[in-house]
Structure formats: C-alpha cells, structure tokens
Amino acid sequence: MSSCDISIRFDRNPPACSPGETISGTIDVVANASCRCDALTAHLSWKTSGKGDTDSEKVDVVPLGTFEWKRGESYQYPFSFLAPTGPVSYQGLIVHVNWFVEARADVPWAIDPRASETLLLVPLPAERKASTAYREQPHLSAKHHKLGNGPRSQSKWENRVLTLILGSIFLVLAIAQQTIHGSSVPFLIPMVFVAGVMLKFAWNDLRNLVARRMVGALSVTIDPPTATRGETLRIQAAFTPNSNGRLRYAKATLYGEEIAWRGSGKSRTRYHQDLDRVEAQMCGSSAFFQNQPLELSCDLRVPEYAASSFRSFNNHVQWSVLLHLDIENWPDLKETIPIDLLPSL
C-alpha cells in the first residue's frame, strides 16, 4: 500500500478553459501512514496520442511545499495555473492532443504517489474585423494561439533529396549483388521498384521546371497568410509568360492532412489521413501571350469545422494550398504553399 493516496479536483465542471483563463483546483491527500513529503508539486502538461509516437511538453510546474502527514488524516492543497495559448485540445483521426494536470508527492524511501486528471483547452473566439480591399463584409480573424512545439514538416524537396540519396545507395547495393550472384528475380524486383520511385520524383521536379520555361516565374499570394475556420482566403497568382500558350484551366485547392510518425531509423513508419478539401477555379480555357502579364485569382472558404494546425516532432496537423495550372500541350505546373489555420470558436 502507498504511504498516501492523492486525487485532483478541478473547480470547473467540466474542466474546460481558454487561453488566459485560470485553471484551478484542489489536490486531496489521504495519509495511509505517517510520512514526510519533501515536495508536493502540480504539473500542467500536454501530450499526443494516436498512430504516432507520443510527444509531450511540460508547460508549468507549481511547487506547493513540504509537509508532514499523519496516518488517517486528510489534507487539501489548492493549485492554479494560467491557461497557455496552446496548442488547443484536439481529437482527430490519427492525431490527438490532450491536456492534463498531474500531482506528485516526493516521499523519501517510497514510491512517489501521483495522480492525473485531463482537462480541455478550448480556443478563443474569433474577432470580426473591417473588410479589406476585396472583402465586402467584415471577416473573421483568430487570436494568436501556439500551434505546438515542433517545426513544419520537411518540405517535399527535402523528402525527395533524402529518398533519392537512400534510393541511390540501395540501387548501387542491389546492382552489386546482381553482379556477384548473377540474374535473380529477388534482386530485380527491388531494383525496378527503386528505379520507379526515383523516376517519379525526378519527373515531379522536372515537370515544374519545364512548365516554368513557358509560363515564367510564378508569384503566389494568399490573403490572409494565416487564417481560421469559416474565413475566406483570396488566392492570387501572377506570371509573365516566356512564350505563347493556352491554359485548359487553373485551380486552387485548400487541403488538410494529419501526419504521424512511429518508430525510428529503418523501422520509422509514416501514417497519413486526409482531412477537408476545398477547391475553386481560377480560370477556364484561356490563352496567354509572351511578355504579357497575366493575373489569376479565386476565393477559398475554410470549412467551418476545420481542424487547426498542430506541430510536434512525431505528429502534425497541416494545411496547404495547391495551385494547379493545366497547360495545353505542355507539362502542368503545380505549386504547393503551406498555410497555418489558427483555432477559434
């Protein structure tokens, strides 16, 4: 039996709060034996769960003191935290973000008793701001929230370079094995597979390079650059063609995805789940002419219940805008721009 039993009671029921509000409650202690507590602390933390490896962060620690507890006695110790700006609680399909308060008692020469209770960190409501040049009505604007403790996902270029390097090494080893052991189907299969993957990545990059030789440098702007659910994005693309041509169509797509990683090294596995997807046409069939600037635009409305962005080492909720120019008798141009969606009510 533990020297004492610890439990946590929140002042709010249910325990839900927004950034800037107070998270408060009481730690209840029942002593099963007389003992000394060198340090009683309350910890505010978040951690992920789901398909990926767990990420976590200890946001705040409140020391409550040193105590002498007598057998059979009960004690109560209030605690409070200031709710942080994020990341907000999230229950996705393969990525979850959970907040909790943990109480720990440092009891000498014994297993330290502890208790944990979950709570909800909900986003602040969005504000309505005056319209800008292209908006006719007031628009939503989310307040600042922290989106996690990790960087953005590696760019597709970084992932491709890494895959090409590893693929090249594997291909060289496979060819060496083929040379030593002679013709063998087991060695031919991975060689064909790796070659196919490398050709696919090479074509994706080559396609855009060839497309830009016709349309020139493509400038893309997203207004606002950071949005929230229910907000309208203005997507604008501009280029000055290097030669005459024709667009079959141009469209922009806003899409979200959850990405989780599990394991490390060769056993590291990537999991992916598509979220909402919204697209709009920027133009239909349209001719363009050498050295004559062309501007395209469209509006994309962020879904009302879109998940907010989240980033940690092994778990991401991310959003991007994909611009697709379908060029007649020429390789297409596809440009992907990451965008953050802030949480809001």
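Note that the coordinates shown come from a computational prediction; the quantities given were computed from them, not determined experimentally.

About the cut-offs
- Residues numbered from 1 in each chain as written.
- Predicted model: local features only at pLDDT ≥ 70, side-chain atom pairs only at ≥ 80, totals over all residues.
- Heavy atoms only, no water.
- Helix = DSSP H or I, 4+ residues; strand = E, 2+ residues; numbered from the N terminus.
- Buried < 20%, exposed > 50% of the residue type's maximum accessible area, 1.4 Å probe, protein only.
- Contact = heavy atoms within 4.5 Å.
- Areas by Shrake-Rupley, 256 points an atom, 1.4 Å probe, with all protein chains shown as cover.
- Phe/Tyr/Trp six-rings, centres within 6.5 Å; stacked < 30°, edge-to-face > 60°.
- Lys NZ or Arg CZ within 6 Å of the ring centre and 35° of its normal.
- Pairing = 2+ DSSP bridges.
- Polar contact = N/O pair within 3.5 Å; in protein donor to acceptor, adjacent residues only side chain to side chain.
- Salt bridge = Lys/Arg side-chain N within 4 Å of Asp/Glu carboxyl O.
- pLDDT = per-residue confidence, 0-100.
- Axes fitted to C-alpha atoms, helices over the stretch in contact; angles between N-to-C directions.

A.B. asks: Quick one: what's the story with the overall build of the protein chain, residue by residue and with numbers?
C.D. replies: In terms of helices and strands, the protein chain carries two helices and 21 strands. Looking at the protein chain as a whole, 43% of its 345 residues qualify as buried. Partitioning the contacts of the protein chain with sequence separation of at least 6, the portion at a separation of at least 24 is 70%. Of the roughly 18600 Å² of accessible surface on the protein chain, a fraction of 55% belongs to carbon and sulfur atoms.

A.B. asks: Explain unusual backbone geometry to me, using residue names and the numbers behind them.
C.D. replies: A negative phi angle is the norm for most residues apart from glycine, just as the trans form is the norm for most peptide bonds. Cis rather than trans, the peptide bond between glycine 86 and proline 87 has omega equal to 5°. Within the element layout of this structure, proline 87 appears in the loop between β6 (74-82) and β7 (90-91). Here the bond from aspartate 223 into proline 224 is cis, since omega is 0°, no more than 30 degrees from zero. The residue proline 224 is located in the loop between β12 (218-223) and β13 (226-228) in this model. At asparagine 291, a residue that is not glycine, the phi angle is positive and equals roughly 65°. Mapped onto the fold, asparagine 291 is located in the loop between β17 (286-288) and β18 (294-301). Of note in this structure, asparagine 329 is not a glycine but carries a positive phi near 55°. Topologically, asparagine 329 is positioned in the loop between β20 (315-327) and β21 (333-342). Overall, asparagine 329 belongs to the exposed group, its relative accessible area being 65%.

A.B. asks: Requested: an account of the packing of aromatic side chains, with residues and values cited.
C.D. replies: Any pair of aromatic rings gets described here by the distance separating the centres and the angle formed by the planes. Applying the stated criterion to the full structure yields eight aromatic pairs. On the numbers, 5.9 Å between centres and 55° between planes, the contact of phenylalanine 79 with phenylalanine 81 is tilted. Across the pair, phenylalanine 81 and phenylalanine 79 agree in class, each one buried. Pairwise contacts between aromatic rings join Phe67, Trp69, Tyr75 and Tyr77 into one cluster. Over the ring of phenylalanine 100 we find lysine 47; its NZ or CZ atom is 5.4 Å from the centre of that ring.

A.B. asks: How would you sum up the pairing of β18? Please name residues and give values.
C.D. replies: Each regular strand displays side chains that alternate between the two surfaces of the sheet. Side chains Leu294, Leu296, Cys298 and Leu300 of β18 all project onto a buried face; the interleaved residues Glu295, Ser297, Asp299 and Arg301 project onto a face where none is buried. Note that strand β14 (residues 232-239) and β18 share eight bridges and pair antiparallel. For leucine 233, the partnering residue across the bridge sits in β18 and is leucine 300.

A.B. asks: Describe the environment of serine 309, with residues and values.
C.D. replies: With respect to the element layout, serine 309 can be found in the loop between β18 and β19 (310-311). Taking the C-alpha atoms as reference, serine 309 lies 6.9 Å from tryptophan 319; in sequence the two are ten residues apart. Once residues lying within four places of it in the same chain are set aside, the contact partners of serine 309 are Leu147, Val317, Trp319, Ile339, Asp340 and Leu341. A distance of 2.9 Å separates a polar atom in the side chain of serine 309 from the backbone nitrogen of leucine 341.

A.B. asks: Outline the pattern of salt bridges, listing residues and values.
C.D. replies: One pass over the full model with this rule turns up 13 salt bridges. One salt bridge in this structure joins glutamate 335 and arginine 212, with 2.5 Å as the shortest N-O distance. One end of the pair, glutamate 335, is in strand β21; the other, arginine 212, is in helix α2 (residues 185-215), with 123 residues separating them in the sequence. Residue arginine 212 is classed as partly exposed on the basis of its relative accessible area, which comes to 31%. Residues glutamate 304 and arginine 301 are paired through a salt bridge, measuring 2.6 Å at the closest nitrogen-oxygen approach. Judged by relative accessible area, which is 41%, glutamate 304 ranks as partly exposed. In this structure arginine 301 comes out as partly exposed when scored by relative accessible area, which is 44%. Among the charged side chains, a salt-bridge network with shared partners connects Glu102, Arg104 and Arg114.

A.B. asks: So, the side chain of serine 344: which residues are in play, and what are the values?
C.D. replies: Examined against the element boundaries, serine 344 turns out to sit in the segment after β21. A polar atom in the side chain of serine 344 sits 2.6 Å from the side chain of threonine 228. Sequence-distant contacts of serine 344, defined by excluding residues within four places in its chain, comprise Pro123, Leu124, Ala126, Ala142, Thr228 and Arg229.

A.B. asks: Now, about the confidence of the model for the protein chain: what can you tell me, with residues and values included?
C.D. replies: Parts of the model with low pLDDT should not have their predicted coordinates read in detail. Predicted confidence across the protein chain gives a mean pLDDT of 87, with 81% of residues reaching 70 or more. In the model, residues 154-162 has pLDDT below 50 throughout and makes seven contacts with residues more than four positions away in sequence or in other chains.

A.B. asks: For the sheet that holds β14, give the residues involved together with the corresponding values.
C.D. replies: Within the open sheet, the three strands sit side by side as β12-β14-β18. Their pairing is antiparallel. Of all strands in the sheet, those with a lone pairing partner are β12 and β18, marking the two edges. Pairs of neighbouring strands in the sheet enclose a mean axial angle of 15°, with direction left out of account. Looking at chain direction, β12 and β14 are connected through six bridges and run antiparallel. Looking at the pairing, isoleucine 222 lines up with isoleucine 235 of β14.

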